[in-house]
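So the chains spell out like this:
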Amino acid sequence: MLKKLGHKIFKLYCHPDFQEDILGDLEQYHEWNTEKKNLRYANRKFFIDVLLLFRLSLLRNNIISQNLIYTPMVRNIIKTAFRVFWKERGYATLNILGLTVGIATSMLLFLYVESEKSVNGFHQDIDNIYQVMEHQTYSDATFTYESNPGPLSDHFVQDMPEVEFMAAYTWSEERLFRINDQNFKETGRVASKDFFHIFEVQFIEGTKENSLVRPTSIYLSKSTKERIFGNQSALSKTMSVDGWGEYQVEGVFEDVPKSSTINFDFIMPYEPWRVRNTWLNDWGNNGIRGIAKLKPGVDYRAFNKKISTYVDEKMGDQESVVTIFVQPFKDRYLFSNYENGQLVGGRILYIRLFSIVAFFILLIAAINFMNLATARSTKRAKEVGVKKVVGSTKTQLLMQFMLESILLALISTVLAGLLIMVVLAPLNILVEKEMTFSILQLNNLLPLIMIGFGVGFLSGIYPSLVLSGFKAISVLKGTFKTSAWSNGLRKGLVIFQFIISTTLIISTLVIHDQMNYIKSKNLGYNKENIVFVPVEGELENQEVRDQLKTRILNNPNFISATFSNGSPLSVNSSTSGGFSWEGRPENQETNFNIIRASHGFIETFDMEIIRGRSFDPQLATDTLNLIINEQTASLMGIEDPLNYQATFWGRTGRIIGIVKDFHFSSLHEKIEPLIISLRPEDSFIFLARMTGEQTTDNIKYLEETLKELNPNYPFDYKFVDKTYEEQYKSETTIGILADYFSGVAIFISLLGLFGLASFAAEQRIKEIGIRKVLGAGLLNLILIMTRGFLMLVGTGFLLAIPLGYFLVDNWLDAFEYRVNIGITVFLIAGGASLLITVITVSYHSLKAVYANPVKSLRYE
Amino acid sequence: MKKYQLGEFEELVLLTVGVLYGEAYGVAIKEEIEKRHQRKVSVGALQSALRRMEEKGFLTSEFGEATKARGGKRKRYFKITAYGKKALDHNIQTRLELWNQIPEVAFEFKVC
């Protein structure tokens with residue numbers, strides 16, 4: 001039985017030539033073994049021997065033994081390919097260089113897009129995690145916020161069976177921890193008890209069970225723990241949190257990845273915080289954020305419909321402007337922009353744009369390859385002719401040229417891999433990511449190889465078809481000419497390349513224009529030379545604050561100083577019903593932004609009071625009075641709002657001044673109504689304007705003063721203008737990336753042009769020679785040589801104008817305050833591309849023109 | 001060495017084929033090696049070595065007469081070719097050269 005099976009298996013795999021004698025040997029052993037021992041043993045031995053005979057050299061003919069892949073034919077093709085590369089090394093270099101840069105750029109973009117997509121992706125249960133958001137609907141507009149009413153999270157879990165967990169958490173805050181007289185300033189949040197059941201962190205010490213329940217528990221990230229406690233365990237160690245008392249460490253978790261939209265180094269429990277901030281219990285506030293985990297299978301859209309009136313119901317008779325909704329947490333990063341209650345995108349726009357750009361850059365590189373290959377096809381026509389005569393089929397030739405192009409693409413791919421590894425580090429710094437790349441990693445290598453193969457294949461198809469389609473007879477007879485169609489196609493492709501690269505140049509120029517506009521825009525206040533520090537520790541004391549202000553102003557290098565609840569860059573509180581005046585229409589629902597300032601605010605920021613006066617330190621009653629901006633003034637609809645009676649948050653006073661409109665939110669948005677109230681008790685930051693001289697000394701003076709007055713807190717200062725620029729960080733990054741992309745695109749296009757020019761010069765050497773002999777001038781000759789290329793680039797440029805205009809106009813639409821796209825942008829882009837074309841092309845033209853006609857004509 | 005690629009086991013098989021001149025077929029070679037060198041030889045290793053060397057040209061082979069034993073299957077007799085001999089010569093030569101160049105001292109195993 002076993003022997004029969006062995007027989008069958010053996011016949012299945014063994015080469016027929018070897019079967020007889022080996023089987024004979026096996027039979028012989030079988031006979032011996034049966035004699036020596038018994039039949040069962042012999043059968044078993046027979047079977048085992050059959051299995052052991054499964055050797056490569058004994059197998060039937062197969063792919064490996066027949067060498068189907070690496071046949072002499074393929075070897076020959078590869079050899080020929082390398083010889084061609086070597087013989088025409090100039091062109092091969094151009095091709096490889098272009099493809100390398102193209103592949104590297106698009107692979108980097110691919111990595112960038114992937115890393116953007118992976119933000120928040122580290123949660124295992126990401127599909128069930130949602131950010132709780134709200135729309136606030138007013139009569140004229142709807143605003144969308146990431147915040148919601150304080151009591152929401154507790155009630156939500158009770159009322160909504162779909163909600164598995166919901167946790168409230170606060171914005172990022174800095175807190176001072178003290179242990180053994182050492183101070184540590186860390187950034188973290190307050191969160192309610194189920195937070196760790198939703199937001200997944202890896203606990204190193206402690207667990208998520210019963211976390212954040214005890215009011216004096218605190219949870220630290222690994223790096224924070226190491227800063228504070230070193231390498232020892234921190235569990236149940238006590239430290240004091242400035243202003244909050246003693247806390248015990250109940251958990252240590254792995255650092256939250258950079259790719260998270262919610263970051264923190266510590267989490268404190270919510271209860272003590274809520275007890276202190278009683279306003280949190282009111283449904284009318286919107287001071288907290290929420291994150292929720294819905295039960296698996298819940299359709300969040302249906303859920304959103306269900307909860308849309310939730311706050312209204314809770315508020316009872318009071319009218320609410322708030323509509324609660326949830327957004328999938330995985331979309332939070334890429335889809336963040338809401339306009340009038342509708343999702344309009346966000347960073348996803350840039351992601352899509354980058355993907356398109358990556359594709360086009362690859363396309364430009366592939367076009368180079370196609371163009372150079374077809375342009376030089378005449379050079380290889382003879383080779384094709386001879387091969388065909390000797391008996392090569394069209395398919396074989398097609399194979400040969402395809403293989404050549406894939407080989408070239410693969411060489412470029414390897415080089416691109418190396419290039420990526422070199423430029424990734426600086427790129428990571430630029431875009432603030434932690435992208436990694438290694439050719440040795442499969443998930444990096446695979447897309448790279450796929451890109452390489454794809455490019456090699458796609459760019460090889462057309463030239464291969466052209467080359468392998470040559471007719472042997474006409475080629476060898478010498479009556480062969482490249483077809484007009486293929487010339488036309490080549491021109492078309494060059495035009496296409498330049499449409500894309502000129503469009504990119506135009507976009508880059510406009511982006512830079514807009515960024516310069518943003519930086520230099522008159523905001524309505526002077527943002528230069530203002531330094532600010534947070535109000536914390538001792539500074540929470542009014543007397544110490546007064547002391548600080550006096551001492552700072554004693555230094556003649558400080559012009560003025562003030563306290564406020566925030567800088568004009570971050571006006572983050574607003575009210576709808578909290579501001580009223582006699583005759584305010586009942587149904588008017590408008591959001592008024594609020595700045596709570598102390599004396600010297602208007603002066604520190606150099607704001608212009610167009611009517612009335614600023615706050616006067618001599619008048620104690622000014623704490624009741626308000627300054628409004630022009631928007632508010634016009635919204636009030638009163639002929640002269642000055643000295644009009646108005647009530648804001650329970651204080652009734654008069655409007656004493658109207659400040660000229662200034663930009664307090666980003667330039668993406670319109671200037672909105674604003675009121676400035678004098679409330680020194682709400683001081684969160686201290687701001688001081690300096691003269692602009694001896695800035696380093698001034699900062700030092702500020703530091704020393706603060707050290708005396710507030711010794712426990714490390715000095716932590718910022719400049720208003722720097723903070724302003726940081727607001728536009730993503731636009732600045734986009735601008736820099738756009739620089740590189742358009743640089744790469746134009747570089748690759750020019751490489752192609754350079755190759756074509758050299759080819760043209762070579763082909764027309766005799767024509768030039770004859771023209772020279774007949775007396776043509778240098779300028780004339782250069783014109784003749786470059787004319788064709790300039791036409792192509794010019795056409796590309798003309799077609800790029802509408803395309804580029806459309807694209808950048810769209811981008812600029814996101815800004816409420818934007819530059820106009822002037823004609824200069826197009827002039828510069830066009831001029832630049834034509835100029836570099838001339839430079840690129842004229843190298844070869846000049847060489848051809850300067851050549852001695854005797855040399856080029858002597859063989860005729 | 002590169003010219004005649006001959007592994008240790010292959011060399012052993014090749015030599016044995018020479019020794020068994022005229023009688024060198026699978027079972028006999030295996031028996032011979034096992035007898036002389038007290039080592040187990042698997043059929044698979046032996047057969048693949050034989051075919052490999054045949055492909056390289058060190059061996060040729062032909063079928064013998066069919067007999068009643070062995071299930072009526074013919075034996076395949078192997079013979080060393082001239083090229084095979086060259087390979088053997090080369091192998092032995094290089095070993096010998098190395099052997100001869102070992103200085104006397106290297107073999108003075110005195111216990112000190």
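Up top is the structure these notes are about.
Residues numbered from 1 in each chain as written. Chains lettered and ligands numbered in written order. Predicted model: local features only at pLDDT ≥ 70, side-chain atom pairs only at ≥ 80, totals over all residues. Heavy atoms only, no water.

A. View of the overall build of chain A. Looking only at helices and strands, one finds 28 helices and 27 strands in chain A. Taken against the 2.2 N^0.38 rule, which gives 29 Å for 860 residues, the C-alpha radius of gyration of chain A at 38 Å runs more than 25% over that of a compact globule. Dimensions of chain A along its principal axes, counting C-alpha atoms only, are 110 × 105 × 55 Å. Here chain A holds 860 residues, and the buried ones make up 51% of them. Element-wise, carbon and sulfur atoms account for 57% of the exposed surface of chain A, whose accessible area totals about 41200 Å². (Helix = DSSP H or I, 4+ residues; strand = E, 2+ residues; numbered from the N terminus. Rg over C-alpha atoms; globule rule 2.2 N^0.38 Å. Buried < 20%, exposed > 50% of the residue type's maximum accessible area, 1.4 Å probe, protein only. Areas by Shrake-Rupley, 256 points an atom, 1.4 Å probe, with all protein chains shown as cover.)

B. Up close: the pattern of salt bridges. Counted according to the given criterion, the structure contains 45 salt bridges over all chains. A salt bridge links Glu271(A) to Arg274(A); the nearest nitrogen and oxygen atoms lie 2.6 Å apart. Within this pair, Glu271(A) and its partner Arg274(A) are both found in helix α10 (residues 271-276), separated by three residues, close to a single helical turn. For Glu271(A), a relative accessible area of 38% corresponds to the partly exposed category. The shortest N-O distance in the salt bridge between Asp89(B) and Lys85(B) comes to 2.9 Å. Taken as a pair, Asp89(B) and Lys85(B) lie in helix α4 (residues 82-101) at a separation of four residues, close to a single helical turn. For Asp89(B), a relative accessible area of 37% gives the class partly exposed. Here the salt bridges do not stand alone but share partners, grouping Glu174(A), Lys185(A), Glu536(A) and Asp716(A) into one network. (Salt bridge = Lys/Arg side-chain N within 4 Å of Asp/Glu carboxyl O.)

C. Focus on the interface of chain B and chain A. Facing 21 residues of chain B, the contacting portion of chain A comprises 21 residues. When chain B packs against chain A, close to 1800 Å² is buried across both sides, 57% of that on carbon and sulfur atoms. One can count four salt bridges joining chain B with chain A. Arg74(B) is paired through a salt bridge with Glu20(A); the nearest N and O atoms lie 2.9 Å apart. At the junction of chain B and chain A, the tally comes to 13 residue pairs in polar contact (both at pLDDT 80 or more). Where the side of chain B that touches chain A is concerned, the elements lending two or more residues are α2 (26-37) and α3 (43-56) of chain B. With seven residues, the top contributor of residues to the side of chain B that touches chain A is α3(B). Among the residues forming the side of chain B that touches chain A, the class breakdown is six nonpolar, six polar and nine charged. (Contact = heavy atoms within 4.5 Å. Buried area = accessible area lost by both parts, 1.4 Å probe. Polar contact = N/O pair within 3.5 Å; in protein donor to acceptor, adjacent residues only side chain to side chain. Nonpolar A, V, L, I, M, F, W, Y, C, P; charged D, E, K, R; others polar.)

D. Spatial organisation of empty space enclosed by the protein. Residues and elements named next belong to chain A. Enumeration according to the criterion identifies three cavities of 30 Å³ or more in this entry. Its boundaries defined by the atoms lining it, the largest cavity holds a volume of some 320 Å³. What lines the largest cavity is a set of 20 residues, among which Val84, Asn95, Ala373, Arg380 and Glu404 lie closest to the centre. Going through the elements one at a time, α5 (72-87), α6 (89-117), α13 (347-375), α14 (377-390), α15 (394-431) and α16 (442-468) are the ones with two or more residues in the lining of the largest cavity. A breakdown of the residues in the lining of the largest cavity according to their chemical character gives 11 nonpolar, five polar and four charged. Of the voids in this model, the second largest cavity is the one considered here, and its volume is about 80 Å³. In terms of lining, the second largest cavity is formed by Val533, Pro534, Glu536, Leu539, Leu706, Asn710, Tyr713, Pro714, Phe715 and Asp716. Among the residues making up the lining of the second largest cavity, the classes are represented as seven nonpolar, one polar and two charged. (1 Å grid on protein atoms, 1.4 Å probe; cavity = no way out; pocket = protein on both sides within 12 Å on 5 of 7 lines; lining within 4 Å. Points joined across faces, edges and corners; volume = space filled by probe spheres on them.)

E. Local environment of a nonpolar patch on the surface. All names here are of chain B. Taken together, the side chains of Leu96, Trp99, Ile102, Phe107 and Phe109 present a nonpolar region at the surface, about 560 Å² in accessible area. Summarising the element assignment, Phe107 is placed in the segment after α4. A relative accessible area of 39% means that Phe107 is categorised as partly exposed. (Patch = residues over 30% accessible without salt bridge, like charges linked within 9 Å, V, L, I, M, F, W, Y side chains within 5 Å.)

F. Region of interest: the environment of Val431(A). As for its placement among the helices and strands, Val431(A) is situated in helix α15. In the structure, Val431(A) is positioned 292 residues away from Ser139(A) in sequence and 40 Å away in space, judged by C-alpha atoms.

G. View of the layout of surface pockets. Residues and elements named next belong to chain A. In this structure, the second largest pocket encloses a volume near 500 Å³. Along the walls of the second largest pocket sit 18 residues, with Asn487, Arg490, Lys491, Ala760 and Phe789 positioned nearest its centre. Those elements that provide at least two residues to the lining of the second largest pocket are α18 (484-520), α24 (729-763) and α26 (778-812). Considering each element in turn, the lining of the second largest pocket owes the most residues, six residues, to α26. When grouped by side-chain class, the residues that make up the lining of the second largest pocket number nine nonpolar, five polar and four charged.

H. How the structure looks around the side chain of Asn593(A). Residue and element names in this part refer to chain A. Within the element layout of this structure, Asn593 appears in strand β20 (residues 592-597). On the basis of relative accessible area, Asn593 is assigned to the buried category, the value being 9%. Here Glu672 takes part through its side chain, which lies 3.1 Å from a polar atom of the side chain of Asn593. Not counting chain neighbours up to four residues away, the residues in contact with Asn593 comprise Val571, Ser573, Ser574, Phe664, Glu672, Pro673, Leu674 and Ile675.

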